[in-house]
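Next come the chains, spelled out residue by residue.
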Amino acid sequence: MKQLERLLFLQGQRCFFCQQSIPDGEASVEHLVASANGGTNGDDNCVACCKAVNSALGSLSIKEKLRVVLNQRGPFSCPKSRNSNQIDGAALVGPDEERIFAVLADLQKRGSARPRKVGTLQNTISAVFHKKLTEQEVEYLFEALVAKGYVVVDDQKVSYALPQRAG
Ligand SMILES: [Zn+2]
């Protein structure tokens, strides 16, 4: 088995970075620590990914690559943010937190007229941002609300455990 095929198998046929399935002929082996920087050809240093991201990353240092990955919006959150159930200015940093805060404020305003279904809540989130977010961004915000415990999902129904209003 070739390394590329093996890595693809191990990754469930998905790109290491974007986690999408890779079209035929578009997969390539990326050295996380570039060969030019002393990286080995072993599986522990290699991932299968889309050719496009492979050539974009080139021989950047592993630190720079991490920065590139982290700059993309994704569901990664550090453990401490899960504890920040209190809405206070200090806990709200970065655009994601600002967006979550905007959604929470909107939900609080609605009182008992909050959406009761997952789909309706996602529409509401979209409306808070004047439908300017991508579907992925809406989904991400929704998941963040669930991860932080503000929204509880039971099948397609949602209930709320919103924080006290700020101030
Ligand atoms: Zn990819």
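What this report covers is the structure whose coordinates are included nearby.

Analysis parameters
All residue numbers refer to position in the chain's written sequence, counted from 1. A pLDDT threshold of at least 70 governs which residues receive local features in this predicted model, and a stricter bar of 80 or more applies before side-chain atom pairs are shown or counted, although totals over entire chains, interfaces and linings include all residues. Side-chain numbers here rest on the full set of heavy atoms in the structure, without hydrogens or water. We call an atom a donor if it is N, O or S and sits within 2.8 Å of the metal, or 3.2 Å for Na, K and Ca. Water is not counted, so some sites may look partial. For helices the rule is a DSSP run of H or I covering at least 4 residues; for strands it is a run of E covering at least 2, with both sets numbered from the N terminus onward. Expected span of a helix, by definition, is 1.5 Å for each gap between consecutive residues, and there is one gap fewer than residues. Think of it in three bands: residues with accessible area under 20% of the maximum for their type are buried, residues over 50% are exposed, and the middle band is partly exposed, with areas taken using a 1.4 Å probe on protein chains only.

Remarks on the coordination of the zinc ion
In step 1: Protein-derived coordination of the zinc ion comes from Cys 15 (SG), Cys 18 (SG) and Cys 50 (SG), at a distance range of 2.3 Å.
In step 2: All donors of the zinc ion come from a single chain, and their spacing in sequence reads C-x2-C-x31-C. One end of the pair, Cys 15, is in the loop between helix H1 (3-10) and strand E1 (27-31); the other, Cys 50, is in strand E2 (residues 46-50), with 35 residues separating them in the sequence.

Structural notes on helix H6 (residues 135-147)
In step 1: Along its 13 residues, H6 runs 18 Å from first to last C-alpha, staying within 8% of the 18 Å computed at 1.5 Å per residue.
In step 2: For H6, the set of buried residues is Glu 137, Val 138, Tyr 140, Leu 141, Phe 142, Ala 144 and Leu 145.
In step 3: Remark: Gly 149 follows H6 within two positions and exhibits a positive phi of approximately 85 degrees.

What to know about the environment of Leu 4
In step 1: Looking at the element boundaries, Leu 4 is found in helix H1.
In step 2: Judged by relative accessible area, which is 25%, Leu 4 ranks as partly exposed.
In step 3: Counting along the chain gives 45 residues from Leu 4 to Cys 49, while the straight-line C-alpha distance between them is 9.2 Å.

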